[in-house]
Number of protein chains: 2
Amino acid sequence: MGERVWGAASHAFPLMKGQTTISTTAADTKKPFEIGVYSFVELTPDPETGVAISPTQRMANLLETIELADQVGLDVFALGEHHRPEFISSAPAVILAAAAARTRRIHLSSAVTVLSSADPVRVFQDFASLDLISLGRAEVMAGRGSFIESFPLFGYDLKDYNELFEEKLGLLLALNEGERVTWTGKHRASLDNLGVYPRPHGEKLPIWVAVGGTPESVARAARLGLPMALAIIGGTPARFAPFVEYYRETAAEAGHDPARLPVSINSHGFIADDSQQAADDYWPGFSLIMGKIGRERGWSGITRQQYDASRGLTGADFIGNPDEIIEKILYQHNLFGHQRLMLQLGLGMIAHAKAMRAIELLGTVVAPAVREEINKRNG
Amino acid sequence: MGERVWGAASHAFPLMKGQTTISTTAADTKKPFEIGVYSFVELTPDPETGVAISPTQRMANLLETIELADQVGLDVFALGEHHRPEFISSAPAVILAAAAARTRRIHLSSAVTVLSSADPVRVFQDFASLDLISLGRAEVMAGRGSFIESFPLFGYDLKDYNELFEEKLGLLLALNEGERVTWTGKHRASLDNLGVYPRPHGEKLPIWVAVGGTPESVARAARLGLPMALAIIGGTPARFAPFVEYYRETAAEAGHDPARLPVSINSHGFIADDSQQAADDYWPGFSLIMGKIGRERGWSGITRQQYDASRGLTGADFIGNPDEIIEKILYQHNLFGHQRLMLQLGLGMIAHAKAMRAIELLGTVVAPAVREEINKRNG
């Protein structure tokens, strides 16, 4: 199934040691385990009915799901940044600000901010504004992006893919560090002791680095002492355990305390009262989008058989009833000792009522059970 | 008093004809007269007490004032884009999105989007997202900006001040015109048949051009057939009537129907139950900011005597009790036959309760009286 995965599973991990579990004490932050939802905010027609809703209705539905996620006690809601007709979230901070006004407690993040083709100054301003609006609930999840549409759109060259990210992440961190910044780089105008405003509500914005599974990306996040969001959207999750170990080891070598560096696992997921129903509801949109993206990228797509296999305990996708989701989270917690799980509830269109029910189950059934068990494990 | 004004009053108008009134039929759009409020979202200490509130509190206060403006039936709320420690609004679309979630009817605009140093693609995406969130209440007010902080911050050269604006306005309009755009310019990467998403709720975003009083800017807005927001923040408003006439003449010559091109007058203002109280409340922050900006720009600042004179019927500032504000709006409507008034309620810090009262008076006393009278005039 490696061919349907971008980033992660298409790379062999060079430091693989055969180890598949990690002591949870390695990154025991003693905070309750966090469960969140992320979305690219799809605008594809309902694959069963062929009916497409308007972008306005899609936006209203999204805001309702974030409001519900807050009400049922989920910890984070995150939005992708995409520049294609299938998605309406190209300006995550703008949408998240509307969500901030309708929520009380939930953290609001990008997933991801495509930093390589963005201006870190604008990104900082957008999320600092969001942080003021939300009383400190803003987060940035920076990544290189798995889609490449933003490069021609904003005038960047794919040959600079890695250098752009490295440089812009450096600037974003500098802006987060203090009010006035002096900075020089290759891909953005220099700053000569300039201030960037507003400053956030908190002393600093939480900045996560999202990685798709290249060891270089893992090591960069670790050396910078930044929280890591690891995308596992295919293949066998157990194979990713060494990435997490490598992250913590590299962070420690660089002088950072791994216990203070949370790890998030970001995966596809969908929850319904009945396991088969969850699978059947998620499949049409998932297969449509995976097929479309797969064709663009030269993959073979995904068969229903592969999909059903991915729902098993050792597979990557969190698609099932609440008990299955709880079991898989706890299984993966044994592998990774991670602090957060982010589920992409819907890839391709999911009927709004079903998405709402999935969020309700995640917040009211899955999250309490997972928090209680992991709290025990963390002692 | 010309020395305290940027843009407008420091330029003699070359086509001045001595005419100070214009027939309202020239731009009679038959829509009710619109009254709005704009703010740069100041973060200066209270000039009387020396106490500064936090950026978070300032943001909360702002959102409360926008909510009230909506409740009392004002038509527009607009936010500036500034990159200085005295202001917290550097990302207007983000803040406006939070306001959209708390309001029902009021239009939400920038005032202004400093387009010269922005990327029109991001601007379009931000405001199209806002338009979806607000069910079609987003507007862009594009301007060259009266402050220049954004140029070094985003790597632009002030020598390109006018060319940057012209080129970027052209791209913004092209993005608004249709989904896929092919475009080439000097100051931004080309677009080769690329789509920009999301598309707005309405067919197009309303795009206004804000002008400070240079005839070239007036003519540009007119030739492009775009609504014009004319800043009158000093001097004698009657002297601006020929600008408005020039705008309508130029628009007509370019083939646009002036009756379909609204004009907004944007001015400083503050309203209290008592005229003297309004003047005394507005003065400390106003003189502080005007003095500070004046020093940066080599002006002489403003004396209390000049300030008091500006409050008279023929002066530029709308500072007084509701009757005085109504009278001045109607006086100016005789001069300009305009369709909208935008008041900057507070330049420098105004106590929150006083700003709320000013908005209440503007919406409940001033706006109904003005709409009724202008409705009669428009027949």
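Further up the page is the structure itself.
Now for a description of the structure that goes with this document. (Residues numbered from 1 in each chain as written. Chains lettered and ligands numbered in written order. Predicted model: local features only at pLDDT ≥ 70, side-chain atom pairs only at ≥ 80, totals over all residues.)

## Description of the interface of chain A and chain B
Item 1. At the interface, 38 residues of chain A touch 38 residues of chain B.
Item 2. When residues of the side of chain A that touches chain B are traced back to their parent elements, those giving at least two are α1 (55-71), α2 (92-101), α3 (120-133), α4 (150-153) and β7 (191-195) of chain A.
Item 3. In terms of residue count, α3 of chain A provides more of the side of chain A that touches chain B than any other element does, 8 residues in total.
Item 4. Among the residues making up the side of chain A that touches chain B, the classes are represented as 24 nonpolar, 8 polar and 6 charged. (Contact = placed C-beta atoms within 7 Å. Helix = DSSP H or I, 4+ residues; strand = E, 2+ residues; numbered from the N terminus. Nonpolar A, V, L, I, M, F, W, Y, C, P; charged D, E, K, R; others polar.)

## What to know about the pairing of strand β8 (residues 207-211) of chain B
Residue and element names in this part refer to chain B.
Item 1. Taking burial as the measure, the 5 residues of β8 include 5 buried ones, the bulk of the element.
Item 2. Side chains Ile207, Val209 and Val211 of β8 all project onto a buried face; the interleaved residues Trp208 and Ala210 project onto the opposite face, where all are buried too.
Item 3. Where β8 lies against strand β9 (residues 228-231), 3 bridges are found, and the strand directions are parallel. Bridging across to β9, Val211 finds its partner in Leu230.
Item 4. A crossover links β8 with its parallel partner β9, the connecting element being helix α6 (residues 215-224), and its sense is right-handed. (Buried ≥ 20, exposed ≤ 12 C-beta atoms within 10 Å, placed from the backbone. Pairing = 2+ DSSP bridges. Right-handed = clockwise from strand over helix to strand, strands pointing away.)

## So, the relation of the copies chain A and chain B
Item 1. Placing chain A over chain B gives an RMSD of 0.0 Å and needs a rotation angle of 180°, together with 0.0 Å of translation along the axis. This pairing of chains is accounted for by a two-fold axis.
Item 2. Both copies share a contact surface, since 100% of the interface residues of chain A are interface residues in chain B too. (Least-squares fit on C-alpha atoms with pLDDT ≥ 70 in both.)

## Some thoughts on the packing of helix α1 (residues 55-71) of chain B against helix α11 (residues 352-377) of chain B
Residues and elements named next belong to chain B.
Item 1. In contact at an axis separation of 9 Å, α1 and α11 are set at 15° when each is read in the N-to-C sense. It follows from the interaxial angle that α1 and α11 lie roughly parallel. Relative to α11, the crossing made by α1 is right-handed. The segment α1 lies against α11, with Asn61, Thr65, Leu68 and Ala69 engaging His352, Ala355, Met356, Ile359, Glu360 and Gly363.
Item 2. Taken together, the residues of the contact of α1 with α11 break down into 5 nonpolar, 4 polar and 1 charged. (Axes fitted to C-alpha atoms, helices over the stretch in contact; angles between N-to-C directions. Parallel < 35°, antiparallel > 145°, perpendicular 65-115°, else oblique. Left-handed = near helix turned anticlockwise from the far one by under 90°.)

## Overview of unusual backbone geometry
Most peptide bonds adopt trans geometry, and most residues besides glycine take a negative phi value.
Item 1. That bond from Tyr197 of chain A to Pro198 of chain A is cis: its omega, 0°, falls within 30 degrees of zero.
Item 2. Among the structural elements, Pro198 of chain A can be located in the loop between β7 and β8 (207-211).
Item 3. At Leu135 of chain A, a residue that is not glycine, the phi angle is positive and equals roughly 55°.
Item 4. Judged by local crowding, Leu135 of chain A falls into the partly exposed class, with 15 C-beta atoms found within 10 Å.
Item 5. The backbone phi angle of Val41 of chain B is positive, close to 60°, even though this residue is not glycine.
Item 6. Residue Val41 of chain B is classed as buried on the basis of its C-beta count, with 24 C-beta atoms lying within 10 Å.

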